[in-house]
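A structural walkthrough
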Amino acid sequence: MAESVNSTGRGLFKNVEISLTSEMDVRSACFHPIEPILACGLFSGGIILFKSSWKHSTSLSTWKPQCQFRSEYSALSLNFNKSGTKLAGGCIDGTLIVWCSRTGQKRVLPVSRRLDFPLTVWNPFDLNVLASYNNAMEGKLVVIFNAAIGHFYFLQSKENVWCVDWISRNRLACSYDDGTVEIHEIELGFISTSNLVKKLVVSTHFTSQNQVFPFPKNRGMKSDVWSIAWNEQLQLLATSSHDGWVKLWSMDSQDPVHMRHFSSFCCHLVWSPMELPSSNKDPLEGEREPYLASGMEDGSISIWAPGRNMRPFLLFDGHTEQLHQISFSPNGRYLASTDYDRKLIIWSTKTWNIIYTLPPSGCRFPYTISWDATSSKLCITEKTGLKRFLTIEFVAAENQCAKCKKTSHNMKRCSRCRSVFYCNAECQFSHWSNHKTVCQKK
């Protein structure tokens, strides 16, 4: 059973059951980015969609299977595009399938140029376009796919691909095991083209007595670029390499604008979510610049902001094994992390305290995480589909006001959704701009 660590009166995350039959072993899962929908890839093949009869505020235990999309093979990875109109699945036979989430109509990438266990990255600037790749050994191919017209383009490299990320509508950043990152400009149409517009040499430094030196070109030393992450707000590309460096790059320069060296190399980079418009901000949360989270090989997590004055970074521990994935909730209030020992931790980004822990499970593969749009629910899956599929949701404390956070035994429920509590009408009114997106009368 999961062990949870919570502050009294502040609500908690807890495991919840979802209605699955004995035939429904879930191999992958992903929440819709807007609507209360959970897509599950079944071990037996195909996708099943669970939906809430009301809205996000209802417990996952009440979500019911609504429809099923067919496929011959099981999807090891699922990923909605930014609007949730399309769902991509990377299947066990190497097939890439893109479904219309409304109708179930699908487009299939030809298996003749298949990617074993393909991963997908949707283009946030063009909702019909995705990149698919395999970061296992000898993965030298990136497939660019336009789901609207069914056209695809094969981007072939000489080096193995570790990670990809979109930085604009037609520009894709790809990191390789030779210590470089390439920016490709891609045009998809009846005749598709690509053009290498920029190449960053990431692994060029080593340290000695707190000084930084370039590697001599004739030494041929290489360092895999494990992770990259683009921040649209700051117009910066973050990179992490096996030599322990995390660097930030502007597209206007060939040299990093910021960099930090760590004793352990970073396996996974992720930026904090963009700030909401000021009218929707909770004044208690304060102003926050985007910051970068780095999941390390030694199980630690570093947090640092590359904004004004290069704010000092935090380094904290909760894992003892190499980090597999770190993921911010959409509202930025939580950070979930998983490691190769199949341990899950949820952190509060306000205090950086651990608020929930799921101990190591003994599963064969590490967990993957998906948050729902309201940041109050998440699901974790393990690739085999035979060990664990868990859904976890946040439950508000009944004696705490959702606005001012004061505790009392005389709290009043929201009369519409019955899921949050307030100490008076003034708090309820001032919190409505935040709560209205998830509030629904039952």
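A short tour of the structure in this document, coming up. Here the structure is a predicted model, which means the values were calculated and not measured.

On to the overall build of the chain. Looking only at helices and strands, the chain features 1 helix and 36 strands. In the chain, the proportion of contacts linking residues at least 24 apart, taken out of those at least 6 apart, comes to 47%. Total accessible area on the chain is roughly 20,900 Å²; 50% of this is exposed by carbon and sulfur atoms.

Another point: the packing of aromatic side chains. Taken as a whole and judged by the stated rule, the model has 14 aromatic pairs. Judged by centre distance (5.3 Å) and plane angle (70°), the ring pair of phenylalanine 152 and phenylalanine 154 falls under edge-to-face. Relative to phenylalanine 394, the ring of tyrosine 334 lies with its centre 6.1 Å away and its plane at 35°, an arrangement referred to as tilted. Taken together, the residues span a long stretch of sequence, with tyrosine 334 in strand E29 (residues 334-339) and phenylalanine 394 in strand E34 (residues 389-395) at a distance of 60 residues. Here tyrosine 334 falls in the buried class, since its relative accessible area comes to 13%. When its relative accessible area of 26% is taken as the criterion, phenylalanine 394 is described as partly exposed. Ring-pair connections join several aromatic residues into one group, and the members of that group are Tyr291, Phe316, Phe328, Trp347 and Trp352.

Moving on, we come to the side chain of lysine 86. With respect to the helices, strands and loops of the structure, lysine 86 is situated in strand E7 (residues 86-91). The side chain of lysine 86 sits in the buried core without any salt bridge; aspartate 126 is the nearest counter-charge, 8.5 Å away. Of note is the side chain of lysine 86, whose polar atom sits 3.1 Å from the side chain of asparagine 128.

Let us look at the sheet that holds strand E23 (residues 256-261). What the 4 strands build is an open sheet, ordered E20-E21-E22-E23; its pairing is antiparallel. A single partner strand is all that each edge strand has here, and the edge strands are strand E20 (225-231) and E23. Going across the sheet, the axis of each strand differs from the next one's by a mean of 15°, ignoring polarity. Of the strand pairs in this sheet, strand E22 (residues 245-250) and E23 are connected by 5 bridges, and their pairing is antiparallel. Within E23, the position partnered with tryptophan 245 by the bridge is histidine 261.

Right, let's get into the pairing of strand E30 (residues 344-348). Of all 5 residues in E30, 5 are buried; the element is thus mostly enclosed. Of the two faces of E30, the one carrying Leu344, Ile346 and Ser348 and the one carrying Ile345 and Trp347 are both buried. Note that E29 and E30 share 5 bridges and pair antiparallel. When the sheet's bridge partners are listed, alanine 336 is paired in E30 with isoleucine 346.

On to unusual backbone geometry. The phi angle at arginine 342 is positive, at roughly 60°, despite the residue not being glycine. Here arginine 342 is to be found in the loop between E29 and E30. We classify arginine 342 as buried; its relative accessible area is 15%.

Grouped together as the largest cluster of nonpolar side chains are 27 residues, with contacts concentrated most on Val142, Ile144, Val164, Leu172, Val181 and Leu237. Those elements that provide at least two residues to this core are strand E11 (129-133), strand E12 (141-146), strand E13 (151-156), strand E14 (161-168), strand E15 (171-176), strand E16 (180-187) and E20. At 5 residues, the largest contribution of residues to this core is made by E14. Counting residues in each nonpolar core, the second largest holds 16 residues, with Tyr334, Ala336, Trp371 and Leu390 among its members.

Glancing now at helix H1 (residues 425-435). Within the span of H1, buried status applies to Cys427, His431 and His435. All buried residues of H1 fall inside an arc of 65° around its axis, so they share one side. Away from its buried face, by an angle of more than 90 degrees, H1 presents the exposed residues Ala425, Glu426 and Phe429. The N-capping residue of H1, defined by a side-chain oxygen 3.2 Å from the backbone nitrogen of glutamate 426, is asparagine 424.

Analysis parameters
Residues numbered from 1 in each chain as written. Predicted model: local features only at pLDDT ≥ 70, side-chain atom pairs only at ≥ 80, totals over all residues. Heavy atoms only, no water. Helix = DSSP H or I, 4+ residues; strand = E, 2+ residues; numbered from the N terminus. Contact = heavy atoms within 4.5 Å. Areas by Shrake-Rupley, 256 points an atom, 1.4 Å probe, with all protein chains shown as cover. Phe/Tyr/Trp six-rings, centres within 6.5 Å; stacked < 30°, edge-to-face > 60°. Buried < 20%, exposed > 50% of the residue type's maximum accessible area, 1.4 Å probe, protein only. Lys, Arg positive; Asp, Glu negative; His and termini not counted. Salt bridge = Lys/Arg side-chain N within 4 Å of Asp/Glu carboxyl O. Polar contact = N/O pair within 3.5 Å; in protein donor to acceptor, adjacent residues only side chain to side chain. Pairing = 2+ DSSP bridges. Axes fitted to C-alpha atoms, helices over the stretch in contact; angles between N-to-C directions. Core = buried A, V, L, I, M, F, W, Y, C linked by side-chain atoms within 4.5 Å. Arc of directions from axis to C-beta.

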